[in-house]
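Chain by chain, the residues:
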Amino acid sequence: MFIVNFVYDDEELLEPYEWQDDDCYEEIETLDIYHVTTRQLHDLMYGELYQLLFEDGYYLVGDGHYCFVIDVKDHHIVRRGTLSWQQSDQMNQKIQYQPITLLQYQIQDEAYDKEFGLTRKERLKKMCLEEVIDEIFVVRYDVFLQICQQFHIHGDNPSSQYLALKQKIEKGYTTLHELLYHELVQGK
């Protein structure tokens, strides 16, 4: 029996340290297991694929180091899900001994890579912060200039300042992110 925490196609996979009681858990008795290349695993994780040659059902895909479950309907991935740490470790060991399967599919679109190590709350705050920065750059340019001045961001033109600010918040979640979140999002 597998416990899978599913998210829909437009959401990011939730690692076991991010699981919450109100997540979408399902118990699945059996899974077909596929050992795929790391590149294919990346496509299956971040790609909107079509013409995936799987019948409707649940499949475990992995490269021997990381694995997750895909829910396929009408040759499209509609949901992805993670297993507990213990089940993931067991499946990764099992996958390593299977031959690699080269899957046939076409990529329609691709999502951004997930930044691991952040909590669900930090990721949500960061996404909200990025949207607010985009909004104030366009709608409240005076506030944008104040932020740049406050954080010593200088540039030749507004675009370079915007890129410099975005670059400062690109990786991780630091006190700068928290400060900006409180000032721009909660202070709104």
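First things first, this report covers the structure right here in the doc. (Residues numbered from 1 in each chain as written. Predicted model: local features only at pLDDT ≥ 70, side-chain atom pairs only at ≥ 80, totals over all residues. Heavy atoms only, no water.)

### Here we look at the overall build of the protein
No. 1: What the protein contains, in helices and strands, is six helices and eight strands.
No. 2: Going residue by residue from the N terminus, the α and β elements of the protein occur as β-β-β-α-β-β-β-β-α-β-α-α-α-α.
No. 3: Expected size for 188 residues packed as a compact globule is a radius of gyration near 16 Å; at 20 Å, the protein overshoots this value by more than 25%.
No. 4: Each principal axis of the C-alpha distribution contributes one length, and for the protein these read about 55 × 35 × 25 Å.
No. 5: Among the 188 residues that make up the protein, the fraction classed as buried is 41%. (Helix = DSSP H or I, 4+ residues; strand = E, 2+ residues; numbered from the N terminus. Rg over C-alpha atoms; globule rule 2.2 N^0.38 Å. Buried < 20%, exposed > 50% of the residue type's maximum accessible area, 1.4 Å probe, protein only.)

### Quick word on the sheet that holds strand S6 (residues 67-73)
No. 1: Spatially, S2-S1-S7-S6-S5-S3 is the arrangement adopted by the six strands of the open sheet, whose pairing is mixed. Pairing within the sheet leaves two strands with one partner each, and these edge strands are strand S2 (24-28) and strand S3 (32-35). Here the strands of the sheet are splayed against their neighbours by 35° on average, with no regard to which way each runs.
No. 2: Note: S6 against strand S7 (residues 76-82), five bridges, orientation antiparallel. By the bridge assignment for S7, Lys73 is matched with His76.
No. 3: Contacts between helix H1 (residues 38-46) and the sheet are confined to strand S5 (57-62), S6 and S7, with S6 contributing the most and set at about 55° to the helix. (Pairing = 2+ DSSP bridges. Axes fitted to C-alpha atoms, helices over the stretch in contact; angles between N-to-C directions. Contact = heavy atoms within 4.5 Å.)

### Observations concerning the packing of helix H3 (residues 120-139) against helix H6 (residues 175-186)
No. 1: At their nearest, the axes of H3 and H6 sit 10 Å apart, and the two run at 55° to each other. Here H6 runs oblique to H3, going by the angle between their axes. Relative to H6, the crossing made by H3 is left-handed. For the pair H3 and H6, contact is made by Lys125, Lys126, Cys128, Leu129, Val132, Ile133 and Ile136 and by His177, Glu178, Leu180, Tyr181, Leu184 and Val185, respectively.
No. 2: In terms of residue class, the contact of H3 with H6 is made up of nine nonpolar, one polar and three charged. (Parallel < 35°, antiparallel > 145°, perpendicular 65-115°, else oblique. Left-handed = near helix turned anticlockwise from the far one by under 90°. Nonpolar A, V, L, I, M, F, W, Y, C, P; charged D, E, K, R; others polar.)

### Focus on unusual backbone geometry
No. 1: The phi dihedral of His75 is positive, around 65°, even though this residue is not glycine.
No. 2: Within the secondary structure, His75 sits in the loop between S6 and S7.

### What about the packing of H3 against helix H4 (residues 141-150)?
No. 1: Packing of H3 against H4 brings their axes to within 5 Å, and their N-to-C directions diverge by 120°. Between H3 and H4, the angle falls in the class oblique. Residues Ile136, Phe137 and Val139 of H3 lie in contact with H4, whose contacting residues are Tyr141, Val143, Phe144 and Ile147.
No. 2: Its residues placed into classes, the contact of H3 with H4 shows seven nonpolar, no polar and no charged.

The values are spatial; any link to function lies outside them.
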